[in-house]
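The chain contents come next:
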Amino acid sequence: MKKKVLAVLLMAAMTATLLAGCGNNAETPAPAEEPAAEEPAASEPAADASKMSFEIVSKGLQHEYWQAVKQGVESKAEELGVSVNFVGPDSESNYDQQVQQMENALNSTPTAIGLAALSTDTLMAQLQTCLDNNIPVVGFDSGVPGAPEGSVLANCSTDNYAAGALAAEKVYEAVKDKIDGTVRVGVVAQDSVSESVVNRGLGFIDKFAELAVADGHTATVVGNERYINDAKCEKSDGANVIIDVRVPQQVDSAMSVADVNSLLGEDGIIALYGSNEHSANAIVTAAENHPEIGDTVVAAGFDSGSAQIQAVRDGVLLGSITQAPVAMGEILVQTLYDAAQGKPVSDTDTGCQWYTAENIDNPEIWDNLYGK
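All residue numbers refer to position in the chain's written sequence, counted from 1. For a predicted model such as this one, the threshold for reporting local features is a pLDDT of at least 70, and the threshold for listing and counting side-chain atom pairs is 80 or more; totals across whole chains, interfaces and linings nevertheless cover every residue. Computation of side-chain values covers all heavy atoms of the structure but excludes hydrogens and water.

S.K.: Tell me about the pairing of strand E10 (residues 298-302), and please be specific about residues and values.
M.R.: The buried label applies to any residue whose accessible area, calculated with a 1.4 Å probe on protein chains only, is under 20% of its type's maximum; exposed applies above 50%, and partly exposed to all values in between. Every helix listed is a DSSP run of H or I at least four residues long, and every strand listed is a run of E at least two residues long, numbered separately from the N terminus. Burial analysis of E10 places five of its five residues in the buried class, the great majority of the element. The two faces of E10 match: Val-298, Ala-300 and Phe-302 on one face and Ala-299 and Gly-301 on the other face are all buried. For strand E9 (residues 269-274) and E10, the ladder comprises three bridges, and the chain directions are parallel. Bridging across to E10, Leu-272 finds its partner in Ala-299. Pairing between strands requires that DSSP locate at least two bridges from one strand to the other. Bridge analysis of E10 against strand E11 (residues 319-322) gives three bridges, and the strand direction is parallel. Paired with Ala-300 across the strands is Gly-319, a residue of E11.

S.K.: Talk me through the side chain of Asn-276; I want residue IDs and the actual numbers.
M.R.: Mapped onto the elements of the fold, Asn-276 is located in the loop between E9 and helix H10 (277-287). Any pair of nitrogen or oxygen atoms within 3.5 Å is treated as a polar contact; in protein, a donor-acceptor pairing is required on top of that, and neighbouring residues in sequence qualify only through side-chain atoms on both sides. A polar contact is formed between the side chain of Asn-276 and the side chain of Gln-190, at a distance of 2.8 Å. Side-chain polar atoms of Asn-276 contact the backbone nitrogen of Ser-279, separated by 3.0 Å. Only heavy atoms matter for contacts: two residues are in contact if any of them lie within 4.5 Å across the pair. When neighbours within four sequence positions are excluded, Asn-276 is seen to be in contact with Gln-190, Val-197, Arg-200, Phe-302 and Asp-303.

S.K.: Which residues make up the pairing of E11, and what are the values?
M.R.: Side chains Gly-319 and Ile-321 project from E11 onto one buried face, and the interleaved Ser-320 and Thr-322 project onto a second face that is buried too. The parallel pair E10 and E11, bridged by helix H11 (residues 306-314), forms a crossover whose chirality is right-handed. Here, the term right-handed applies to a crossover whose path from the first strand over the helix to the second runs clockwise when the strands point away from the viewer.

S.K.: Tell me about the sheet that holds strand E2 (residues 83-87), and please be specific about residues and values.
M.R.: Taken in spatial order, the six strands line up as E2-E1-E3-E4-E5-E12 in an open sheet, and their pairing is parallel. Each edge of the open sheet carries a strand with a single partner, namely E2 and strand E12 (348-349). One ladder, built from two bridges, connects strand E5 (residues 154-157) with E12; its direction is parallel. Bridging from a neighbouring strand, Cys-156 pairs with Thr-348 of E12. Sheet strands touched by helix H3 (residues 64-80): strand E1 (53-57), E2 and strand E4 (137-140). Its angle to E2, the strand with the most contacts, is close to 170°. Axes, fitted as lines to C-alpha atoms, cover a helix only where it is in contact. Angles between the N-to-C directions of the axes lie from 0 to 180 degrees.

S.K.: Talk me through the pattern of salt bridges; I want residue IDs and the actual numbers.
M.R.: Criterion for a salt bridge: a side-chain nitrogen of Lys or Arg within 4 Å of a carboxyl oxygen of Asp or Glu. Summed over all chains, the structure comprises 13 salt bridges. Measuring nitrogen to oxygen at the nearest pair gives 2.8 Å for the salt bridge that ties Lys-70 to Glu-74. Separated by four residues within a single helix, Lys-70 and Glu-74 lie in helix H3, roughly one turn from each other. Of the residues examined, Lys-70 reaches a relative accessible area of 23% and is grouped as partly exposed. The class for Glu-74 is partly exposed, based on a relative accessible area of 39%. Across the pair Lys-176 and Glu-173 runs a salt bridge, and its minimum N-O distance is 3.5 Å. Overlapping salt bridges, with partners in common, bring together Lys-59, Asp-141, Arg-200 and Asp-303 in one network.

S.K.: Would you mind going over the sheet that holds strand E7 (residues 219-223) in detail, with residue names and values included?
M.R.: Taking strand neighbours across the sheet as the criterion, the seven strands line up as E7-E8-E6-E9-E10-E11-E13 in an open arrangement whose pairing is mixed. Both edges of this open sheet fall to E7 and strand E13 (353-355), since each of them pairs with a single strand only. For this sheet, the mean angle separating the axes of adjacent strands, direction not counted, is 20°. Relative to E11, H11 is tilted by about 140°, and along the sheet it contacts E10, E11 and E13.

S.K.: Give me the lowdown on the packing of helix H6 (residues 160-175) against helix H7 (residues 195-214), citing residues and values where you can.
M.R.: A pair of packed helices is captured by two measures, namely the crossing angle of their axes and the spacing between those axes. Axis separation between H6 and H7 bottoms out at 7 Å; the angle between their running directions is 40°. Considering their axes alone, H6 and H7 lie oblique with respect to each other. At the point where H6 passes H7, the crossing takes the right-handed sense. Of the residues in H7, those touching H6 at Asn-160, Tyr-161, Gly-164, Ala-165, Ala-167, Ala-168, Glu-169, Val-171, Tyr-172 and Val-175 are Ser-196, Asn-199, Arg-200, Leu-202, Gly-203, Phe-204, Asp-206, Lys-207, Phe-208, Leu-211 and Ala-212. Here the angle decides the label: under 35 degrees means roughly parallel, over 145 means roughly antiparallel, 65 to 115 means roughly perpendicular, and every other value means oblique. What makes a crossing left-handed is the near helix being turned counterclockwise from the far one by less than a right angle; a clockwise turn instead makes it right-handed.

Have a look at this one:
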């Protein structure tokens, strides 16, 4: 009897031990089941940098501005060890050529594409192809406004509207005491399509009108329909501050100089503003035959280049707005690189500054100028 009791007790002890062992195994994960996902996900793409190729489609190559952006692109690409191909049409009104360059970019099966669109409408099919094939696109300069949703991940550019407003503040301060009776302020823009050029013009128009109205004047916008319709300035007959916007039929230097000459023939002209290198250079060229520019007519520009820099030094231009084109190119490539690795990217304001004869040699200004 004792042997049977002992046997029963022994069996009970063994069962309890087995159950305790099962419970411990359930609470302690097996080492083989450790998640492999703890390895850094970003390390692999970084190791493949030499296999990355970025196609950069700009709005042109003819202005020194684009050469400065290209310099920044190539500098950052060399630093990161990626390949880049920087192209642009021979004119900023050659939409068909830019479309073909985007087609060529797609045919090269790039890792990512940087794009400054002349007109987003002409590139919708190519942008949809990028979206369908998971090719990251990052805008720069004027960017790609109105692109198919999700096709453009970020934009690297100056806040062009704010930059135009800064120019207006400086010009208004210089001419506000000249506003007596009806006066005219000329805005020279190379086109009414490019988002960057349009926003620089609208920023100037809206801020100048705002400042004039705050001082008890009335303001209106005349000239190009796009600027008239999009300006916040309330249009009214009989306004004593007329902001007159001129846009040539195509991006042509002679046509823009003719626009400046026409504005100078208007009664009451007190100021001129050129919203990019092309338009500012038109003012500088016109000044060769119109000594009133820089004297009785205050003028301002945008961007730089050798002619514009000299005009600022000589007082022909009160000043100009400079972007940071080299930095823009560098930021663009870094953003493309991050996007190609699947990292989140976002819009970046690459900044602007107002430069004059007094501050042009300040390193913070000088380093951002091109055409020196």
